[in-house]
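Report on the structure
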Amino acid sequence: MNRCRRFLNNVVAIAANGFREGVRDRILYVFFLFALAVIASAKLIGWVSVGEDIKVVRDIGLASMGLFGVMISIFVGASLVHREIERHTIYTVIARPVGRGEFILGRYLGLLGLVCSVTAAMGLFFTVYQAVLVWSGAAGLSDVEGGAVPFPLVRAQILIIFQFVVLVALAVFFSSTTTPVLSAVFTFLAYVLGHMAGWIYRFSDMVLDKRSVTVFDRAVSLFLKVLYYLVPNLETFDIKLRAVHNLDISNFEFACVLLYGVAYSAAVLLAAYLVLRRRQL
Amino acid sequence: MKKLLLPAAALACLAAAVAAQVGVVSSRGMLGIANPIYRKHADQVSRAEYVTSFGMYLPKGDFAFAASAFLGGLRADAYWLKAAQYVSKSFEDPALKTRFLGDLYIAMIRIDPWWSSAAVTASNAVTGVTNDNEQAVEILDRAIRVRPDDWRLWYARMAVYLFWPGHKSDAVRSALIGASRPGASRALLDAANQLALEDGHYELAVRVARRRIKQYGLDSALGRIAWRDYLEHYSRYLEHLLAKDLEAYRQKHGNFPASLDGLVADGILKDLPPEPYGLGWIYDPASGAVLSRGLGTLEGARMHFILSFCVTRYYRRHGIPPASIQAALDDVKFTAKDIEPVRYFGNPPSLVPHPVLGDWKYDPATGRIELGPGMDIPHIFRRADELRERLLSGGKPL
Amino acid sequence: MPPGQAIQTVGLRVEYKVGLFKKRRVGLEALDLAVQEGEIFGYLGPNGAGKTTTIKCLVGVIEPAAGAAMIFGRDARTPDARSAVGYSPENPYFYEYLTGTELLDFYGRLSGLSRAERIRRGAEALDKVGLSRAADVRLGLYSKGMRQRLGLAQAVIHRPRLVILDEPMSGLDPVGRSDVREFIRDLRRSGSTIFFSTHILSDVEAICDHVGVLHEGRLIARGELSSIVSPEIVRTTVVAADVPDDALAWLGGEAVHRDGVQVTFHIEGEADAAQAFKTVSDAGGRILSFVAQKEDLESAFMRLTGLKPSGASSSPVHMAEEIS
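Residues numbered from 1 in each chain as written. Chains lettered and ligands numbered in written order. Predicted model: local features only at pLDDT ≥ 70, side-chain atom pairs only at ≥ 80, totals over all residues. Heavy atoms only, no water.

What follows covers the overall build of chain C. Check the secondary structure of chain C and you find 12 helices and 14 strands. Expressed as a percentage of its 324 residues, the buried residues of chain C come to 48%. Contacts spanning at least 24 positions in sequence make up 67% of the contacts within chain C whose residues lie at least 6 apart. Approximately 15,200 Å² of chain C is accessible, and the part contributed by carbon and sulfur atoms is 51%. (Helix = DSSP H or I, 4+ residues; strand = E, 2+ residues; numbered from the N terminus. Buried < 20%, exposed > 50% of the residue type's maximum accessible area, 1.4 Å probe, protein only. Contact = heavy atoms within 4.5 Å. Areas by Shrake-Rupley, 256 points an atom, 1.4 Å probe, with all protein chains shown as cover.)

This is the structure in structure tokens:
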């Protein structure tokens, strides 16, 4: 019980500290304000997009939530653990009665909290902005699918925010294994490739899409299928395309996606812990 | 043992993640995961000739599509903007209307299969540019597979079939399914009605007309038009039924009955249905032809309108009225602008006698075609309105 | 393990894997170390000897390849053992975005202090190291010396029984250095054990009870200061004025430093020193200063490690500066 309380206390302390670190970082505000500017200027492109104004506004809004979220994860998160090791700040933390698992979890939750609250703020701004466009009738001539605030749009934003559960876990993992620059590159690649995951599935079918299929082709196809289930699949969280058309997903699917995020990031964090536990700092 | 605990826990988490992913795959289906659409056409997009003067270059090919997956619909939006530029440019320079335009729209729905507007425009572009109706329907069907409830897709599908000779029943079907979708345009039923009639589905036309009346409400302006159509279609339907019954009678007895009551006497019909306009049936025992007086009047009035139109046209060209109606018709050559007359008469229009009055009474001196009292369109419509008011005030129309 | 032992290491061995091919390099070899409770223990060694590596083992930052490090009888790798330890790293570099107060609050929280305790002791600790005025300044603006002081403050905020300081005096001016010495003495007075590493011998001489000397990963001497440093007078430094040249010639002119009429010379051995005093005064010279030196730690260190004195760090002038 006592150990449990200490665990929680340490994790919360480190997370709060990490959150404060991010909040006091000027780059955060640069990204945040830039994101708001992009979302607000979406209407300009909406004007020239014959009859699809609100779709363009929603596309830009959702895409910038994800993109700026990942930027913040990278610029704040890439050097997360590495900088602590490099500047020896981790020593004074580890020298306290703090386990390395608590350290990793705390750093993870701190950054996650930061990224989530910033993207949530962007999402709130975006939702209100597009709702105002719809209400005021500035959204164009086409009848707006789903009204001012369609539920799927909210759900899509929840999942965009939730994808950072996985992405930040990956950032922490990379940060505790490589240098900040490599870690930033890896994190961004994970974001891009994670969204390509569906195409891995597609390519696995395309391999078999020919006249004579050899054993080798089958093996490649199987390998790609297995790969599809193992790579960090951020496309799972991406229901943007459907949400802008007011198409909802089932609650079961939603629950599966949430479960996936939690389980996958737990696996990644455990891996990060395994790496850092044995690491000579 | 304890050493293995953590890796085991990590693997267990991974297993749970895979299980969750399987759940997502099963509920999302192939489309949500990968978008295998338009593999057939994918290469066309990359092969398409890009006109760089528009200044919007998008990397092409499968990998570019995959790598930009995280940008969601933005890429599709870019294609949309580009296509819009193309369309506006193509008014000035029709040469731009290449296959490329269709490919642009296909690229859009390849990225975003849920984008109905893109699918609709894609089908329009494909039919308009290349006349490839099959591909247009394929595009729409794929979109319908992911968004079966979107009436716009059905509307577009109907439109494709509409201008595709020999596919009128498909058009009717699309229009009817579309009309049953939430939020559907009410014009879908109107179209379905007209199409069903043209396709010879009289019973269906009557049913659709009833639905239209219900949809608009009998007391509304549009309901009034629907009611007129209903009467017309119902008359035609009954004519059609009676002709069949008469044919059955002839098969049995070798000749047509002396009057329509003969059908009832013979037991083929229980009752003789009243003529919908309440104007009675016109029956010719010799030929077995049966005709609703109301409908005949209406059609005759319409023919009269066309024939008068032809005569007037002759007069304008030659300065004198034609010697006969036929002369006027021979002189006339309908163009694409005159779609409506062609529908009734063909091109050149053929001279058909008035259904009720028989041969046309034409005066070559004045150039007037005599119709007689009570035989014009306003009159028959007034009759329809009378019946409607009777129905609205709680009575029976007949 | 006998009671009252704050630190004990048994056969501690640390290896580093360096480079692409993970070549092994030994950082520490079979280290046996014991520090009694209540001591001030000076951990000596040249740069790269493995002092910091030992300390990292003690605070659980790295894991030994063999052997064990114990703190108050508990394995140093367990977080529990570390709850009794306060640690300040060499050249401490803290979270720049925090203020001094916030940093102490953060560390206090990690050590399990309640909010009220954190506020009280944080202010106390800052006051103790003389940083009260900079309490609400972001650490990014702190000077090196301020960071060093803050390092001390965070190490003692939870009143640990054992304080481990890695080079606490490096880079400090003389005033700061004496402040730190006073700080360490204070700590001992309040009952803590202090283990600190340094490569500056005078610090050790000034405050330590026990020392350990580390060289190339091995402990080459340990024990009380007196047991390491020989009690004999090894050299006498005489400063005299108006010494006639013949007397100077007798003295041999060894290591002579002339400054006008003032002459400085060194004499080896006790007997010779007495003779020299006599010679100078007999010749009519004035003795300005006569300082007998026992073997200092430096010499002992050189003797033990077999290193030859070289460079500025072993010149008498430099030594004199450091002693002052």
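Next up on the list: the overall build of chain A. Counting secondary structure elements, chain A contains 11 helices and 0 strands. Starting at the N terminus and ending at the C terminus, chain A contains elements arranged as α-α-α-α-α-α-α-α-α-α-α. When burial is assessed residue by residue, chain A has 59% of its 281 residues classed as buried. Sequence separation of 24 or more characterises 81% of the internal contacts of chain A that already satisfy a separation of 6 or more. Surface summary for chain A: the accessible area is close to 11,000 Å², and the carbon and sulfur share equals 72%.

Opposite the 52 residues of chain A that make contact, chain B presents 48 residues. Summing both sides of the interface, chain A and chain B together bury roughly 4,400 Å²; the carbon and sulfur share of this comes to 70%. Three residues, A:Arg202, A:Tyr229 and A:Leu241, lead the burial of chain A against chain B; their summed loss comes to 15% of the area buried on that side. Connecting chain A to chain B are 2 salt bridges. On inspection of chain A and its partner chain B, the count reaches 7 residue pairs in polar contact (both at pLDDT 80 or more). Secondary-structure elements contributing two or more residues to the side of chain A that touches chain B are helix H2 (26-48), helix H3 (53-77), helix H8 (180-207), helix H9 (215-230), helix H10 (240-243) and helix H11 (251-277) of chain A. Counting residues per element, the side of chain A that touches chain B draws most heavily on H11(A), at 14 residues. (Buried area = accessible area lost by both parts, 1.4 Å probe. Salt bridge = Lys/Arg side-chain N within 4 Å of Asp/Glu carboxyl O. Polar contact = N/O pair within 3.5 Å; in protein donor to acceptor, adjacent residues only side chain to side chain.)

Next up on the list: the packing of helix H1 (residues 2-23) of chain A against helix H3 (residues 100-110) of chain C. Between H1(A) and H3(C), the least distance of the axes is 9 Å, while the angle of their chain directions is 160°. Our classification of the angle between H1(A) and H3(C) gives roughly antiparallel. Viewed along their axes, H1(A) and H3(C) form a crossing whose handedness is left-handed. When H1(A) is examined against H3(C), the residues A:Asn9, A:Asn10, A:Val12, A:Ala13, A:Ile14, A:Asn17 and A:Arg20 are found in contact with a partner set consisting of C:Glu102, C:Phe106, C:Arg109 and C:Leu110. Counted by class, the contact of H1(A) with H3(C) contains 5 nonpolar, 3 polar and 3 charged residues. (Axes fitted to C-alpha atoms, helices over the stretch in contact; angles between N-to-C directions. Parallel < 35°, antiparallel > 145°, perpendicular 65-115°, else oblique. Left-handed = near helix turned anticlockwise from the far one by under 90°. Nonpolar A, V, L, I, M, F, W, Y, C, P; charged D, E, K, R; others polar.)

Here the focus is unusual backbone geometry. Residues and elements named next belong to chain C. One non-glycine residue, Arg159, adopts positive backbone phi at about 50°. Within the fold, Arg159 resides in the loop between helix H5 (144-156) and strand S7 (162-166). Given a relative accessible area of 48%, Arg159 falls into the partly exposed group. Even without being a glycine, Glu167 presents a positive backbone phi close to 50°. Here Glu167 is to be found in the loop between S7 and helix H6 (174-189). Among the residues examined, Glu167 registers a relative accessible area of 3% and is labelled buried.

All names here are of chain C. Spanning 16 residues, H6 covers 23 Å between terminal C-alpha atoms, matching the ideal 22 Å at 1.5 Å per step. The inward-facing, buried residues of H6 abut strand S3 (40-44), helix H4 (115-128), H5, S7, strand S8 (193-198) and helix H7 (201-207). Taken from the residues just after H6, Gly191 is the one with a positive phi, measuring 105°. (Expected span 1.5 Å × (residues − 1).)

With that settled, the discussion passes to the interface of chain C and chain A. Taken together, the contact between chain C and chain A spans 33 residues of the former and 28 residues of the latter. Here chain C and chain A share an interface that buries about 2,900 Å² over both sides, 52% of which is from carbon and sulfur atoms. Of all residues in chain C, C:Tyr97, C:Arg109 and C:Leu110 bury the most surface against chain A, accounting for 23% of the area lost on that side. The residue C:Glu102 makes a salt bridge to A:Arg24 at a minimum N-O spacing of 2.7 Å. Seen at the junction of chain C and chain A, the total is 16 residue pairs in polar contact (both at pLDDT 80 or more). When residues of the side of chain C that touches chain A are traced back to their parent elements, those giving at least two are helix H2 (79-82), strand S6 (85-88), H3 and H5 of chain C. Element by element, the count of residues in the side of chain C that touches chain A is highest for H3(C), at 5 residues. For the side of chain C that touches chain A, a count of residues per class yields 17 nonpolar, 7 polar and 9 charged.

For the rest of this paragraph, the subject is the sheet that holds S8(C). Residue and element names in this part refer to chain C. With mixed pairing, the 6 strands of this open sheet are ordered in space as S6-S7-S8-S3-S9-S10. In this open sheet, the two edge strands, each paired with only one partner strand, are S6 and strand S10 (218-224). This sheet shows a mean twist of 15° between the axes of neighbouring strands, independent of strand direction. Across 5 bridges, S7 lies against S8 in parallel orientation. The residue bridging Ile164 from the neighbouring strand is Phe195, located in S8. Against the sheet, H6 contacts S3, S7 and S8, and its axis sits at roughly 155° relative to S8. (Pairing = 2+ DSSP bridges.)

If you walk through the whole model with that rule in mind, you get 23 aromatic pairs over all chains. Residues C:Tyr95 and C:Phe106 carry aromatic rings whose centres are separated by 5.8 Å and whose planes lie at 80° to one another, so their mutual orientation is edge-to-face. Highlighted residues: C:Tyr95 in the loop between S6 and H3 and C:Phe106 in helix H3, separated in sequence by 11 residues. Its relative accessible area of 5% is what places C:Tyr95 among the buried residues. By way of ring pairs, the aromatic residues A:Phe162, A:Phe237, A:Tyr260 and A:Tyr264 are connected into one cluster. Against the face of B:Phe381 rests B:Arg228, its NZ or CZ located 4.2 Å from the ring centre. The ring of C:Phe72 carries the charged tip of C:Arg161 above its face, separated from the ring centre by 3.8 Å. (Phe/Tyr/Trp six-rings, centres within 6.5 Å; stacked < 30°, edge-to-face > 60°. Lys NZ or Arg CZ within 6 Å of the ring centre and 35° of its normal.)

Counting across every chain of the model gives 45 salt bridges over all chains. Residue C:Glu102 is joined to A:Arg20 by a salt bridge in which the shortest nitrogen-to-oxygen separation is 3.7 Å. Placement of C:Glu102 in helix H3 and of A:Arg20 in helix H1 is noted, with the two residues assigned to different chains. According to the relative accessible area criterion, C:Glu102 is buried, its value standing at 18%. For A:Arg20, a relative accessible area of 27% corresponds to the partly exposed category. The shortest N-O distance in the salt bridge between C:Glu63 and C:Arg77 comes to 3.9 Å.

For the rest of this paragraph, the subject is the packing of helix H6 (residues 100-135) of chain A against helix H7 (residues 151-177) of chain A. Residues and elements named next belong to chain A. Packing of H6 against H7 brings their axes to within 9 Å, and their N-to-C directions diverge by 155°. The angle between H6 and H7 places the two elements in the roughly antiparallel class. The interaxial crossing formed by H6 with H7 has right-handed handedness. Tallied by class, the residues present in the contact of H6 with H7 amount to 16 nonpolar, 5 polar and no charged.

The next point concerns the confidence of the model for chain A. Chain-level pLDDT for chain A is 86 on average; 97% of the residues reach the 70-or-more range. Taken element by element, the predicted model of chain A shows its lowest mean pLDDT in helix H4 (residues 80-86) of chain A (76) and its highest in H6(A) (92). (pLDDT = per-residue confidence, 0-100.)

Let's shift gears to the nonpolar core. Membership of the largest hydrophobic core comes to 213 residues, with the highest contact counts inside it found for A:Ile72, A:Val93, C:Leu162, C:Ile164, C:Ile184, C:Phe195 and C:Phe196. The contacts of A:Val93, once residues within four sequence positions are left out, are A:Ile14, A:Val98, A:Phe103, C:Tyr95, C:Phe106, C:Tyr107 and C:Leu110. (Core = buried A, V, L, I, M, F, W, Y, C linked by side-chain atoms within 4.5 Å.)

This part covers the pairing of S3(C). Residues and elements named next belong to chain C. Most of S3 is tucked away, with 5 of its 5 residues classed as buried. Residue alternation in S3 divides its side chains into two sets, Ile40, Gly42 and Leu44 and Phe41 and Tyr43, and both sets are buried. In this structure, S3 lies alongside S8, joined through 5 bridges in parallel fashion. Bridge pairing links Tyr43 to Ser197 in S8. Here 4 bridges tie S3 to strand S9 (residues 210-215), and the two strands are oriented parallel to one another. From the neighbouring strand, Leu44 faces S9, where its bridge partner is Val213.

Attention shifts here to the environment of A:Val172. Along the polypeptide, A:Val172 turns up in helix H7. With residues near it in sequence (within four places) discarded, A:Val172 still touches A:Leu80, A:Val81, A:Ile104, A:Tyr108 and A:Leu269.

Turning next to the confidence of the model for chain C. All names here are of chain C. Averaged over chain C, the pLDDT score is 80; the fraction of residues at 70 or greater is 88%. Helix H12 (residues 316-323) is the least confidently modelled element of chain C, averaging 39 in pLDDT, while H3 averages 91, the highest of any element. For residues 310-324, every residue scores under 50 in pLDDT, and the model assigns this stretch 11 contacts once sequence neighbours within four places are set aside.

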